[in-house]
Amino acid sequence: MEVFKGTATFSGIAIGKILYYSRGEYQIRQSLVSNVKKEIEEFRKASDRASETLQGLYEKTRLLDEQEANSFSAQKKLLESENFQRAIESCISSEKVNAAYAVMTNRDEMTETFRNLEEPVIQKRISDIREISNRLIQILGGASIRINLGEEPVILVTESLSPAEIMEMDNDKLLAVVMHHGSVVSHTSIMARTMEIPTLVDIVADDEWDGMSAIVDGYTGTLYLNPDEEIQKEYKIRLEADKKEKEELLKLKNQKDMTADGKSIGLYANIGNMSDLNNVLFYGAAGIGLLRSEFQYLGRENYPRESELFLAYKKIAETMGDRPTVIRTADLGADKQADYLDIPGETNPVMGNRGIRFCLDRKKMFRAQLRAIYRASAYGNLAMMYPMVSSEKEMDEIEALIREVKENLREKNVPFREIRTGIMIETPAAVMISRELARRVDFLSIGTNDLTQYTLAMDRQNPLLKDKYDDHHPAVLRMIRMVVEAAHAEGRKAGICGEIAADTVLTETFLKMGVDFLSVVPACILPVRKALRETDLSKE
């Protein structure tokens, strides 16, 4: 038996056989072609097939995670772009080479040209070029990639995995994933977490493990290779206990969100699209604490009409009934873009024109969304909050627009309700003026994902920083406390809607800070409910 320690990105236990997954080696030789037109036609057919596959991946993934789905949409647009197509067709024509070789040459030239540039947008574009190029090469016959997991569920072991690859595999056949490269916040880890697959990273994989028995402990980050009888017996017991624990958690679906000493806490769900509504109700969330409304703007060719927005919000309001739904106004920009938005390129888009800044630049777009939300408010318990607010001047502009929208609705006798409003606290600037901001709204919701990266000056998706990025950093926790105290000083509520809200290690810490509500992905509702019900705030 051999034991390997890595980093767990999603918990759980898996026992089974290893399937070692390796991308096919590209043995592509340059060959001269006599019929250039035919070769270009073959390339175009391969492009069409790749485009159809990417569209299918987008549709499949958007049911799990809208933001991750948009990466497939972006790849599809890049594949279909005139520049990408022209570069490869020009290579085929001028050098009279086979299509697969032209694709490989273009890929390698682009990668080499920009490999020393560290801007996240450029690195993402290069990663997309590599992925669509490899997909084209596979279709053109230059490589054979094994995606089929076989008949029995397996523990997948690999050097690395892209979001596309994990989405192309049969989820029911994946017991666990073990990778050498990756991080807790990588896109692949996020997708695996969304699919509830136990995942380990930082374990050096070996193709000789293929077919061996193994155990994955997603709680301790441990891989047991060819486990001995004693370890197998122990983990079979633990696996059964793990299943029973999940069954016990399901008994909490209809329990109150209340600490052991009787303090009520709001426990809400974060969702990114309409398909998540069933999970919100299934796990018994008190409501929706964060509806990411970007799902209506991305993966399409033009702005959504006000009527389209209204119908979606109306359905959500009616489905949720008395349970509150907080709609975050469109948080576009940075990595959430679409061609029709025509967003100018930025050196550092994460620090650029995004969130409420973008909405206030596109007032027609913003006004349509505000109208849709207020119109839908007549059908349920809706609230609204604004992303990336960092100044009172922005609130002045928002409030002026809202007054205009409400006045117009009254003039046309369109029914609406006076709804609660909130601000997402996502920057150190917002933290420092959180008391002033609290006076302008009904609640503050702390977006710890962005707040952490802005506080630490670290890109949370940069793999080079995976061992340095720390969302438990004392500075982050102090900022959370500052916001809660500022909100309470103004008689307002404050909660957390970032990923850290689901970290049960910190549940007691948050409650002792006075946090009023937590909003987490639906699958984390029950573990967090269990943690808060076990917390006794009367004990020092």
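Our structure's up above, just so we're on the same page.
Report follows, based on the coordinates.

Spatial ordering of the closed barrel is given by S9-S10-S11-S12-S13-S14-S15-S16, a layout of 8 strands whose pairing is parallel. Mean inter-strand twist for the sheet, computed between neighbouring axes without regard to direction, equals 25 degrees. With 3 bridges connecting them, strand S9 (residues 266-271) and strand S10 (residues 288-292) associate as parallel partners. Considered in S10, the bridge of Ile271 is made with Leu291. Sitting on the sheet, helix H19 (residues 525-533) is in contact with S9 and strand S16 (517-520), with an inclination near 160 degrees to S9.

Next up on the list: a negative patch on the surface. Residues Glu2, Asp206, Asp207 and Glu208 make up a contiguous surface patch of negative charge. Along the chain, Glu2 falls in strand S1 (residues 2-5). Residue class for Glu2 comes out partly exposed when judged on its relative accessible area of 45%.

Another point: the pattern of salt bridges. Under the defined criterion, the tally for this structure stands at 25 salt bridges. We note a salt bridge from Asp331 to Arg328, for which the minimum N-O separation is 3.8 Å. Across the pair, Arg328 and Asp331 agree in class, each one buried. Residue Arg435 pairs with Glu490 through a salt bridge whose shortest N-O separation is 2.6 Å. Remark: Glu490 occurs in the loop between helix H17 (474-489) and strand S15 (493-496) and Arg435 occurs in helix H15 (residues 434-438); sequence separation between them is 55 residues. Through salt bridges with shared partners, a single ionic network connects Glu294, Arg328, Asp331, Arg354 and Asp450.

We now examine the pairing of S10. Every regular strand shows the same layout, with side chains that alternate between the two sheet faces. Among the 5 residues of S10, 4 are classified as buried, and the element is accordingly described as predominantly covered. Taken together, S9, helix H9 (residues 277-282) and S10 form a β-α-β motif whose crossover is right-handed. As a crossover connection, the stretch from S10 through helix H10 (residues 306-320) into strand S11 (residues 325-328) is right-handed.

Before going further, it helps to spend a moment on the side chain of Ser47. Looking at the element boundaries, Ser47 is found in helix H1 (residues 36-61). Once residues lying within four places of it in the same chain are set aside, the contact partners of Ser47 are Leu79, Gln85 and Leu136.

This next bit is on the packing of helix H16 (residues 448-456) against H17. H17 packs onto H16 with a crossing angle of 125 degrees between their chain directions and a minimal axis gap of 10 Å. When the interaxial angle is binned, H16 and H17 end up oblique. H17 is crossed by H16, and the crossing has right-handed handedness. Listed contacts from H17 to Thr448, Leu451, Thr452 and Thr455 of H16 are Ala475, Val476, Met479 and Ile480. Looking at side-chain class alone, the contact of H16 with H17 contains 5 nonpolar, 3 polar and no charged residues.

What counts, and at which threshold
- Residues numbered from 1 in each chain as written.
- Predicted model: local features only at pLDDT ≥ 70, side-chain atom pairs only at ≥ 80, totals over all residues.
- Heavy atoms only, no water.
- Pairing = 2+ DSSP bridges.
- Helix = DSSP H or I, 4+ residues; strand = E, 2+ residues; numbered from the N terminus.
- Axes fitted to C-alpha atoms, helices over the stretch in contact; angles between N-to-C directions.
- Contact = heavy atoms within 4.5 Å.
- Patch = residues over 30% accessible without salt bridge, like charges linked within 9 Å, V, L, I, M, F, W, Y side chains within 5 Å.
- Areas by Shrake-Rupley, 256 points an atom, 1.4 Å probe, with all protein chains shown as cover.
- Salt bridge = Lys/Arg side-chain N within 4 Å of Asp/Glu carboxyl O.
- Lys, Arg positive; Asp, Glu negative; His and termini not counted.
- Charge placed at Lys NZ, Arg CZ, Asp CG, Glu CD.
- Buried < 20%, exposed > 50% of the residue type's maximum accessible area, 1.4 Å probe, protein only.
- Right-handed = clockwise from strand over helix to strand, strands pointing away.
- Parallel < 35°, antiparallel > 145°, perpendicular 65-115°, else oblique.
- Left-handed = near helix turned anticlockwise from the far one by under 90°.
- Nonpolar A, V, L, I, M, F, W, Y, C, P; charged D, E, K, R; others polar.

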